[in-house]
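Structural features, examined
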Amino acid sequence: MNDMISFREKLKNFYADYDVFIRPVFRFVLALLCLIAINNEIGYMEVLTQIFVVLILAVICAILPINGTVLICAAVIVAHSMALSVETGAFALIVYLLMVLLYFRFVPRDSLAIILVPAAFIFHVPAAVPITLGLIRGPVSAVSMIFGLISWAYVNSLPTQIAPMLQKEDTSLLDVMQAMPQALFSNRIILLIIISVGVILIVSTIRKFVSVHAWESGIFVGAALYLGLELAGSFILGIDIDILPEVLGTAVAVVVCLVIEFFNFSADYSRTEYLEFEDDHNYYNVRVTPKRTSEYMETMEREAPEPSAIPSDDSRFVESEQQNEVSRKFEGINLQSKLEESLKTLNTNQRGRENAPEERTYSGDGMKDDLQDDEPSGDTKVLNLKDGFGKHLK
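Keep in mind that what you see is a predicted model, and the values were worked out from it rather than measured.

A few words on a nonpolar patch on the surface. Together, I51, F52, L55, I56, V59, I60, I63 and L64 make up a nonpolar patch on the protein surface, roughly 740 Å² of accessible area in all. Looking at where I56 falls in the secondary structure, it is placed in helix 3 (residues 51–63).

Here's what the structure looks like:
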């Protein structure tokens, strides 16, 4: 555990030192993967599928913020739709224009979620995105989740439903205009939207109101809720899904969320403290939970008792045997009589000192003397021999 925490701290420090170079590289790789995925799904415009054009667009996305990557990917999707047909291009332009306007109005900082939703469905871990958004962002991120689901639904339905329909000779413009909204808002997409929004709300609520192990509880509850609602909704609506891939994908999503939790929120709940204090106007109840950092773990290791300091059962047995040996040595000796004899000897010596001439005690510096006769009778007199230089003078 300490090695993992040390690795996390080193990784964070490395990112803090070189974030100027890491962020453009990250944006370049993300844009490159998104553009390649879009071209593989709906590569109807051959110019945009060329690797030289893809690299140029990825370099532009590396220079721009993440919002620029969203805009460029939306423009590429609209261009491919326009190459397929004018109807699909116009529909895609309207849909993405509305999405972009609403996105910049409500959730301008959740651009990464819109990009990751299609990627999560490609890698069969769709539950990871709503759980992560509930842990890190909050309920408002449900808007970006909806936009990502709509975008994925459009890109997924274009080659499977709309393109085969356009290849038929008897297909009219009205049929195409009716098929596109139906594909975009099918029963499965509506079910996924309801499940994702519900998971985001539940996970964010658990993270805010659960005091101990909030992140872990939110991850497991969100994963169970996502899988249970998807299976139940698919059974009720008659949607065919593969149960085993969904279960395995949800399990992988839990692992991914636990890794995200380790890098974003790692607390030692065993050391949680509750503080109460007040001022003239308010009472304060504060819960303090320390973070698991490398310095904290090293401090805990230093404060922990060594194994040798904790006596085992054998050491206790040896210790008890030693006590028994000591007790055997004093067997047959009357300690009370020995104590009475010592007290009598002490009293005799005391009477002899009272009848003796007055004594003085000088400290080592020769500047202070105490008269022993000023002490009350019956008490034992002690010579003050400081630092070995005192002298007893009669």
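As a packed pair, helix 7 (residues 128–136) and helix 12 (residues 243–264) sit with axes 9 Å apart at the nearest point and diverge in direction by 25 degrees. As summarised for this structure, helix 7 and helix 12 are arranged roughly parallel, according to the angle between their axes. The interaxial crossing formed by helix 7 with helix 12 has right-handed handedness. Contacts between helix 7 and helix 12 pair A128, I131, T132 and I136 from the former with A253, C257, I260 and N264 from the latter. Considering only residue class, the contact of helix 7 with helix 12 consists of 6 nonpolar, 2 polar and no charged.

The next subject is the pairing of strand 1 (residues 273–278). In terms of burial, strand 1 is largely open, as just 0 of its 6 residues are buried. Looking at chain direction, strand 1 and strand 2 (residues 283–288) are connected through 6 bridges and run antiparallel. Directly across from F277, in strand 2, lies its bridge partner Y284. Hairpin connection of strand 1 to strand 2: 4 residues between the antiparallel strands.

Evaluated as defined, the whole model comprises 1 salt bridge. The partner of E230 in a salt bridge is R188, with the nearest N and O atoms 3.8 Å apart. One end of the pair, E230, is in helix 11 (residues 214–237); the other, R188, is in helix 10 (residues 187–209), with 42 residues separating them in the sequence.

Each value, and the rule that gives it
Residues numbered from 1 in each chain as written. Predicted model: local features only at pLDDT ≥ 70, side-chain atom pairs only at ≥ 80, totals over all residues. Heavy atoms only, no water. Patch = residues over 30% accessible without salt bridge, like charges linked within 9 Å, V, L, I, M, F, W, Y side chains within 5 Å. Areas by Shrake-Rupley, 256 points an atom, 1.4 Å probe, with all protein chains shown as cover. Salt bridge = Lys/Arg side-chain N within 4 Å of Asp/Glu carboxyl O. Helix = DSSP H or I, 4+ residues; strand = E, 2+ residues; numbered from the N terminus. Axes fitted to C-alpha atoms, helices over the stretch in contact; angles between N-to-C directions. Parallel < 35°, antiparallel > 145°, perpendicular 65-115°, else oblique. Left-handed = near helix turned anticlockwise from the far one by under 90°. Contact = heavy atoms within 4.5 Å. Nonpolar A, V, L, I, M, F, W, Y, C, P; charged D, E, K, R; others polar. Buried < 20%, exposed > 50% of the residue type's maximum accessible area, 1.4 Å probe, protein only. Pairing = 2+ DSSP bridges.

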